[in-house]
Amino acid sequence: QVQLVASGGGLVQAGGSLRLSCATSGGTFSNYVMGWFRQAPGKEREFVALITGSGASTSYADSVKGRFTISRDNAKSIGYLQMNSLKPDDTAVYYCAARRSGWVRYEYWGQGTQVTVSS
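Rules of the game
- Residues numbered from 1 in each chain as written.
- Predicted model: local features only at pLDDT ≥ 70, side-chain atom pairs only at ≥ 80, totals over all residues.
- Heavy atoms only, no water.
- Helix = DSSP H or I, 4+ residues; strand = E, 2+ residues; numbered from the N terminus.
- Contact = heavy atoms within 4.5 Å.
- Phe/Tyr/Trp six-rings, centres within 6.5 Å; stacked < 30°, edge-to-face > 60°.
- Buried < 20%, exposed > 50% of the residue type's maximum accessible area, 1.4 Å probe, protein only.
- Disulfide = S-S within 2.5 Å.
- Core = buried A, V, L, I, M, F, W, Y, C linked by side-chain atoms within 4.5 Å.
- Pairing = 2+ DSSP bridges.
- Axes fitted to C-alpha atoms, helices over the stretch in contact; angles between N-to-C directions.

Caption draft 1: Quick look at the environment of F47. The topology assignment puts F47 in strand β5 (residues 46-51). Note: C-alpha distance between F47 and A14 (33 residues apart in sequence) is 21 Å. Once residues lying within four places of it in the same chain are set aside, the contact partners of F47 are W36, F37, S59, Y60 and A61.

Below, the structure is given as structure tokens:
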């Protein structure tokens, strides 16, 4: 059973930056694809970014491409989401999640961390 704990959210002005962290335990971190998702009030949860187990490949939603960077430290079992040039539209609860390589469904989810971007 893999546990994930997301942290690093907060209140930031538009144009600012935040770095989210996702600390994991209970599994071999490099065996899992890690993803970040977000859910704004009144909206469905949406994909933000993912990174493969080795860190060799990443993928981003069009809305964050060029502004957000996903990374991971397999030695520390921690994943990151560096968010730059934040916009009010980025305001949401951000969740990290993990799935086994080759699977489609994310099996494990963190508790979420609130990101609020003021204009």
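From this point, the discussion proceeds with the structure in view.
Caption draft 2: Seen up close, the packing of aromatic side chains. According to the stated counting rule, one finds five aromatic pairs in the structure shown. Measuring from ring centre to ring centre gives 6.0 Å for Y32 and Y108, while their planes differ by 75°; the resulting arrangement is edge-to-face. Of the two residues, Y32 is situated in strand β4 (residues 32-39) and Y108 in strand β10 (residues 108-109); the sequence distance between them amounts to 76 residues. Given the relative accessible area of 11%, Y108 is considered buried. Summarising the aromatic geometry, the rings of F37 and F47 are spaced 5.8 Å apart at their centres and angled 75° between planes, so their arrangement reads as edge-to-face. With F37 in strand β4 and F47 in strand β5, the pair connects residues that are 10 residues apart, well separated along the chain.

Caption draft 3: Representation of the state of the cysteines within the structure. For the coordinates displayed, the defined rule picks out one disulfide. Residue pairing for C22: its cysteine sulfur links by disulfide to C96, the two sulfurs lying 2.1 Å apart. Here the S-S torsion is close to 70°, and the disulfide linking C22 with C96 is therefore right-handed. In this pair, C22 sits in strand β3 (residues 18-25) while C96 sits in strand β9 (residues 92-100), placing the two residues 74 residues apart along the sequence. Given a relative accessible area of 0%, C96 falls into the buried group.

Caption draft 4: Up close: the nonpolar core. Among the nonpolar cores identified, the biggest contains 30 residues, and W36, V48, F68, I70, L81, M83 and Y94 are the most heavily contacted of them. The set of elements that each furnish at least two residues to this core consists of β1 (3-7), β3, β4, β5, β7 (68-73), β8 (78-83), β9 and β11 (113-118). The biggest single contributor to this core is β9, with four residues. If sequence neighbours within four positions are ignored, Y94 has contacts with L20, W36, F37, R38, V48, F68, L81, M83, G112, T113 and V115. In terms of nonpolar packing, the next biggest core, distinct from the first, is built from five residues, V33, L50, A97 and Y106 among them.

Caption draft 5: Quick peek at the side chain of S77. Mapped onto the fold, S77 is located in the loop between β7 and β8. Residue contacts for S77: discarding those within four places in its chain leaves C22, A23, T24 and F29.

Caption draft 6: Spatial organisation of the sheet that holds β7. Pairing is antiparallel in the open sheet, where four strands are placed in the order β1-β3-β8-β7. Of all strands in the sheet, those with a lone pairing partner are β1 and β7, marking the two edges. The sheet shows a mean angle of 15° between the axes of neighbouring strands, taken without regard to direction. As paired strands, β3 and β8 are joined by six bridges and run antiparallel to one another. From the neighbouring strand, A23 faces β8, where its bridge partner is I78.

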